[in-house]
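Architecture and fold: a report
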Amino acid sequence: MTVFDIAEFFGLETRAGKDHLDEEVTGGYVSDLLSDVIAHSRKGNVWMTIQTHPNIVAVATMKELAGIILTGGREPDPSTLQKAEEEGIPILVSSVFTFELAGRLYQKGIPGLSPC
Amino acid sequence: MLRTFRADLHIHSCLSPCGDDAMRPQAIVHQALAAGLDMIAICDHNSGENVAAFMSAGSENGLAVLPGMEITSKEEIHLLALFDRLEECLALQKLVYQNLPGENVEEVFGCQTVVNRRDEAVGTNQRMLIGATLLPLEQIVSLSNSLRGVTIASHIDRQAFSILGQLGFIPEGIALDGLEISRRTSREEAKQRFHSYQGFSFIRSSDAHTLGDIGKNSTRFLLEKTTLKEVQMALHQQEGRRVLE
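Residues numbered from 1 in each chain as written. Chains lettered and ligands numbered in written order. Predicted model: local features only at pLDDT ≥ 70, side-chain atom pairs only at ≥ 80, totals over all residues. Heavy atoms only, no water.

**Notes on the overall build of chain A**
Counting its regular elements, chain A contains five helices and five strands. Going residue by residue from the N terminus, the α and β elements of chain A occur as α-β-β-α-β-α-β-α-β-α. A compact globule built from 116 residues should have a C-alpha radius of gyration of about 13 Å, and chain A, at 12 Å, falls within 12% of that. Seen along its three principal axes, the alpha-carbon backbone of chain A occupies a region of about 35 × 30 × 25 Å. With 116 residues in all, chain A has 48% of them scored as buried. On chain A, roughly 5,700 Å² of surface is accessible, and the fraction owed to carbon and sulfur atoms is 52%. Computed over 9 positive and 16 negative side-chain charges, the inter-centroid distance for chain A is 5 Å. (Helix = DSSP H or I, 4+ residues; strand = E, 2+ residues; numbered from the N terminus. Rg over C-alpha atoms; globule rule 2.2 N^0.38 Å. Buried < 20%, exposed > 50% of the residue type's maximum accessible area, 1.4 Å probe, protein only. Areas by Shrake-Rupley, 256 points an atom, 1.4 Å probe, with all protein chains shown as cover. Lys, Arg positive; Asp, Glu negative; His and termini not counted. Charge placed at Lys NZ, Arg CZ, Asp CG, Glu CD.)

**Concerning the pairing of strand β8 (residues 178–181) of chain B**
Residues and elements named next belong to chain B. Side chains of β8 alternate between two faces, with Gly178 and Glu180 and Leu179 and Ile181 buried alike. One ladder, built from two bridges, connects strand β7 (residues 150–153) with β8; its direction is parallel. Across the sheet, Ile152 pairs through a bridge with Gly178, a residue of β8. Judged from the three bridges that link them, β8 and strand β9 (residues 202–204) form a sheet pairing that is parallel. Opposite Leu179, over in β9, you have Phe202 as the bridge partner. This β-α-β element, β8 to helix α7 (residues 187–193) to β9, shows right-handed connectivity. (Pairing = 2+ DSSP bridges. Right-handed = clockwise from strand over helix to strand, strands pointing away.)

**Observations concerning the interface of chain A and chain B**
Facing the 13 residues of chain A at the interface are 13 residues of chain B. Between chain A and chain B, the buried area comes to about 950 Å², and carbon and sulfur atoms account for 65% of it. The tally of links between chain A and chain B comes to zero salt bridges. Run the count over chain A and chain B and you get three residue pairs in polar contact (both at pLDDT 80 or more). (Contact = heavy atoms within 4.5 Å. Buried area = accessible area lost by both parts, 1.4 Å probe. Salt bridge = Lys/Arg side-chain N within 4 Å of Asp/Glu carboxyl O. Polar contact = N/O pair within 3.5 Å; in protein donor to acceptor, adjacent residues only side chain to side chain.)

**So, the nonpolar core**
Counting 42 residues, the largest nonpolar core has Ile40(B), Ile163(B) and Leu176(B) as its most contacted members. Looking at which element gives the most residues to this core, the answer is helix α5 (residues 137–146) of chain B, with four residues. Setting aside residues no more than four positions away along its own chain, Ile163(B) makes contact with Ile77(B), Leu137(B), Ala153(B), Ile156(B), Gly168(B), Phe169(B), Ile170(B), Pro171(B) and Leu176(B). Counting residues in each nonpolar core, the second largest holds 24 residues, with Ile56(A), Ile68(A), Ala84(A) and Ala160(B) among its members. (Core = buried A, V, L, I, M, F, W, Y, C linked by side-chain atoms within 4.5 Å.)

**Quick look at the sheet that holds strand β1 (residues 13–16) of chain A**
All names here are of chain A. Overall, mixed pairing links the five strands, which are arranged β1-β5-β4-β3-β2 in an open sheet. The open sheet has two edge strands with one neighbour each: β1 and β2 (27–30). Put simply, the sheet's adjacent strands are angled 30° from each other on average, direction ignored. With four bridges connecting them, β2 and strand β3 (residues 45–49) associate as parallel partners. Paired with Gly28 across the two strands is Val46, which belongs to β3. Helix-sheet contacts for helix α3 (residues 55–62) involve β3, β4 (67–70) and β5 (91–93), and the interaxial angle to β4 is about 145°. (Axes fitted to C-alpha atoms, helices over the stretch in contact; angles between N-to-C directions.)

**Brief notes about unusual backbone geometry**
Phi angles above zero are rare outside glycine, and Glu64(A) is one such case at about 50°. Tracing the sequence through the fold places Glu64(A) in the loop between α3 and β4. For Arg148(B), which is not glycine, the phi dihedral falls at a positive 60°. Looking at where Arg148(B) falls in the secondary structure, it is placed in the loop between α5 and β7. Residue Arg148(B) is classed as exposed on the basis of its relative accessible area, which comes to 56%.

**As for the pattern of salt bridges**
Once the charged atoms of two side chains with opposite charge are near each other, the side chains can pair. The final tally for this structure, using the stated rule, is 14 salt bridges over all chains. Here Arg15(A) ties to Glu13(A) by a salt bridge, and the two come within 3.0 Å at their closest N and O atoms. Here Arg183(B) and Asp213(B) are joined by a salt bridge, their closest N and O atoms 3.4 Å apart. In this pair, Arg183(B) is assigned in the loop between β8 and α7 and Asp213(B) in the loop between β9 and β10 (219–223), connecting sequence segments 30 residues apart.

Spelled out as structure tokens, the structure:
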């Protein structure tokens with residue numbers, strides 16, 4: 001599944017990075033602590049969070065994530081959108097809360113990360 | 001005799017990856033004086049490596065510069081720790097460095113330039129200063145206090161990296177000396193929104209990342225002189241010292 005497929009299938013709205021939706025998604029990660037995402041997310045993951053500030057884009061860039069999904073109806077800050085466009089990081093939004101949305105993605109075959 | 005001093009106690013230098021490259025000692029000190037400030041504090045993310053240069057530039061030009069740091073706790077809460085002496089700031093920096101994983105990625109987070117008092121670059125810090133330490137909030141507060149620092153929760157009116165944004169409340173009994181309000185929230189608004197925390201003193205500062213931001217938000221203190229001890233007394237309303245509205 002690509003980021004585009006996920007957006008379509010789960011009814012997510014794309015707020016930034018419209019030209020960067022064709023990356024194949026390697027899995028999902030859920031966390032609201034940036035340090036945790038830096039430590040554990042994997043290249044190509046979609047990251048679900050409620051943080052909306054520009055630093056989420058820096059983390060996604062650094063970790064080469066496929067995209068960021070803001071859950072629970074949260075909207076990115078204007079400066080976050082600007083940075084996401086510059087860096088080509090897709091930002092998708094959903095009114096669904098994190099647990100529910102992560103569950104839906106998992107059911108559709110987006111894997112999580114097993115502990116090592 | 002007590003009089004009014006205007007202070008901006010939260011300014012980033014070019015050492016912070018997000019700080020503008022122009023944020024160097026002479027430039028900041030002159031800008032602060034032009035903005036009518038009597039006292040500033042340099043608080044870079046998780047480092048005090050530029051503080052000595054700023055203190056020299058300050059004393060050359062007659063501006064009080066307090067050594068400080070803005071530390072990121074394990075919970076990703078930003079805390080200002082201000083000190084009287086450089087040694088205390090560097091003692092805390094040592095503990096912070098022991099608990100700060102990762103290396104900076106310049107292209108993503110920005111440059112971390114170490115400077116001298118003449119604004120010349122003398123090195124680059126390689127640590128991931130923008131990252132979080134492994135230290136819990138309460139431990140940072142007690143470390144700072146044990147070094148006779150003043151500890152203030154940064155920009156509590158912001159969602160990102162603030163104690164209220166990350167925890168949703170201020171833990172009971174935490175030994176903070178004050179709470180900082182950013183320029184996004186007016187004095188009146190802050191009074192209403194943070195009514196339940198009125199037991200703490202509130203300071204206002206610019207959190208400047210560019211020269212133009214310096215002094216855009218500041219605190220008026222009633223003090224005898226511009227020292228950390230006096231600021232601490234003001235935050236605890238001792239011997240007539242206080243934060244003015």
